[in-house]
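# Close look at the chain arrangement
Given next are the chains, with one letter for each unit.
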Amino acid sequence: MIDAPRQIPLNLEHQPAYHRDDLIVTASNHTAVELIDRWPNWLTPVAVLAGPTGAGKTHLAEIWRATTGALLLDPKSITQEAVAIAAERPILIDNIGDEPFDETGLFHLINSVRLNAAQGPGPSLLMTSRHRPINWNVALPDLASRLKAATVVEIAEPDDLLLSGVVYKLFADRQVSVEPHVVSYLVSRMERSLLSAIRLVERLDRAALEQKTRITRTLAAHVLSKTGENGG
């Protein structure tokens, strides 16, 4: 028996959308979204979004950066120039705390933000991390003291409602229609992260194009099993 020919899909990149209108708000991220929307009226000018990988911290941080025009900094090298910029412009540091970072630079950066925020809105620092600052293994006592004064908002692992909404939207972005029972099947078995949802939708779309078929529960089970997730 000759296998049916498979269509080879074009390798078109579907980048995740980081716009405010693309954000799905549920109980798992509500407090974090409130923080982003409340700027510049924060309780403190330094804030930390903490939560597990795939919870949507980078999505929220990028929305904030687009809104504020914040400068994105590498936590491993915080220069005097960046410290000077922080006097007038918001700063974003994404994914800090897992590896050694420039503690002295961050200390001076926070001081600059706090000093200038007292004179009017604008100077702000948003950091994202998988851990609360108390777990960053900070060696510099003065920095540890500054971090204790920061506003820390924890974002939870995506719940079913959030994952379902994200999966529906990702398929819609590709102009693909998927039955609700298929989405429910995926959400109940996939890794609980937004990044996993992006990758899974991409693989399903590609598999459907190759096999010239709709995205069904059978196809979903097959793709999940190939990714090592429970497709049973």
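Quantities reported herein were computed from a predicted structural model and do not represent experimental measurements. All residue numbers refer to positions counted from 1 along the written sequence of the respective chain. Residue-level local features of this predicted model are given only where pLDDT is at least 70; pairs of side-chain atoms are given and counted only at 80 or more, and the full residue set underlies all totals for whole chains, interfaces and linings. Derived side-chain values reflect all non-hydrogen atoms in the structure, with water molecules and hydrogen atoms excluded from consideration.

### What to know about the pattern of salt bridges
- For this document, the term salt bridge refers to a Lys or Arg side-chain nitrogen within 4 Å of an Asp or Glu carboxyl oxygen. Evaluation of the coordinates by the stated rule reveals 9 salt bridges.
- Here Arg 38 and Glu 34 are joined by a salt bridge, their closest N and O atoms 3.9 Å apart. With Arg 38 and Glu 34 both in helix 1 (residues 30–38) and 4 residues apart, the pair spans about one turn of that helix.
- Across the pair Asp 205 and Arg 174 runs a salt bridge whose closest N-O atoms are separated by 2.9 Å. Secondary structure elements are defined from DSSP: runs of H or I of at least 4 residues count as helices, runs of E of at least 2 residues count as strands, and each element is numbered from the N terminus.

### Quick notes on the pairing of strand 1 (residues 46–50)
- The buried fraction of strand 1 amounts to 5 of the 5 residues, a majority that puts the element mostly inside the structure.
- Each residue's exposure class comes from its accessible area (1.4 Å probe, protein chains only) as a fraction of the maximum for that residue type: buried when under 20%, exposed when over 50%, partly exposed otherwise. Residues Val 46, Val 48 and Ala 50 point to one face of strand 1 and Ala 47 and Leu 49 to the other, with burial holding for every one of them.
- Note that strand 1 and strand 4 (residues 125–129) share 5 bridges and pair parallel. Across the sheet, the residue bridging to Val 46 is Leu 125, located in strand 4. At least two DSSP bridges between two strands are needed for those strands to be called paired.

### Description of the packing of aromatic side chains
- Working definition: a ring pair exists when centres of Phe, Tyr or Trp rings (six-membered ring for Trp) sit within 6.5 Å. Plane angles under 30 degrees give stacked, over 60 give edge-to-face, the rest tilted. Using the criterion set out here, one finds 3 aromatic pairs in the structure.
- Consider the rings of Trp 39 and Trp 64, whose centres lie 6.3 Å apart with planes at 90°: the pair is edge-to-face. Highlighted residues: Trp 39 in the loop between helix 1 and strand 1 and Trp 64 in helix 2 (residues 57–68), separated in sequence by 25 residues. Taken as a pair, Trp 39 and Trp 64 share a single burial class, namely buried.
- Judged by centre distance (5.6 Å) and plane angle (20°), the rings of Trp 42 and Trp 64 are stacked. In this pair, Trp 42 is assigned in the loop between helix 1 and strand 1 and Trp 64 in helix 2, connecting sequence segments 22 residues apart.
- Judged by relative accessible area, Trp 64 falls into the buried class, the value being 0%.

### Description of the pairing of strand 4
- For strand 4, the buried fraction is high: 5 of the 5 residues fall into the buried class.
- Side-chain alternation along strand 4 places Leu 125, Met 127 and Ser 129 on one buried face and Leu 126 and Thr 128 on a second face that is also buried.

### Here we look at helix 4 (residues 103–117)
- Expected helix span is taken as 1.5 Å per residue step, with the number of steps being one fewer than the number of residues. For helix 4, built from 15 residues, the straight-helix expectation of 21 Å at 1.5 Å per residue is met to within 8% by its first-to-last C-alpha distance of 21 Å.
- Taken together, the buried positions of helix 4 are occupied by Glu 103, Gly 105, Leu 106, Phe 107, Leu 109, Ile 110, Ser 112 and Val 113.
- In this structure, the buried residues of helix 4 make contact with strand 1, strand 2 (71–73), helix 3 (80–85), strand 3 (91–93), strand 4 and helix 5 (141–148).
- Think of a polar contact as two N or O atoms within 3.5 Å of one another; within protein, one of them needs to be a possible hydrogen donor and the other a possible acceptor, and neighboring residues in sequence only count if both atoms come from side chains. The backbone nitrogen of Thr 104 lies 3.5 Å from a side-chain oxygen of the residue at the head of helix 4, namely Asp 102. Residue contacts are defined here by distance: any two heavy atoms, one from each residue, within 4.5 Å place the two residues in contact.

### Description of the nonpolar core
- Among the nonpolar cores identified, the biggest contains 26 residues, and Val 167, Phe 171, Leu 186, Leu 200, Leu 204, Ile 215 and Leu 219 are the most heavily contacted of them.
- Listed by contribution, the elements that provide at least two residues to this core are helix 6 (160–173), helix 7 (180–189), helix 8 (194–211) and helix 9 (217–226).
- Here the element with the most residues in this core is helix 8; it accounts for 7 residues.
- When residues no more than four places from it in sequence are discounted, the contact partners of Leu 200 are Leu 186, Met 190, Val 223 and Leu 224. Residues enter a nonpolar core if they are buried and are Ala, Val, Leu, Ile, Met, Phe, Trp, Tyr or Cys, with the set joined through side-chain atoms within 4.5 Å.

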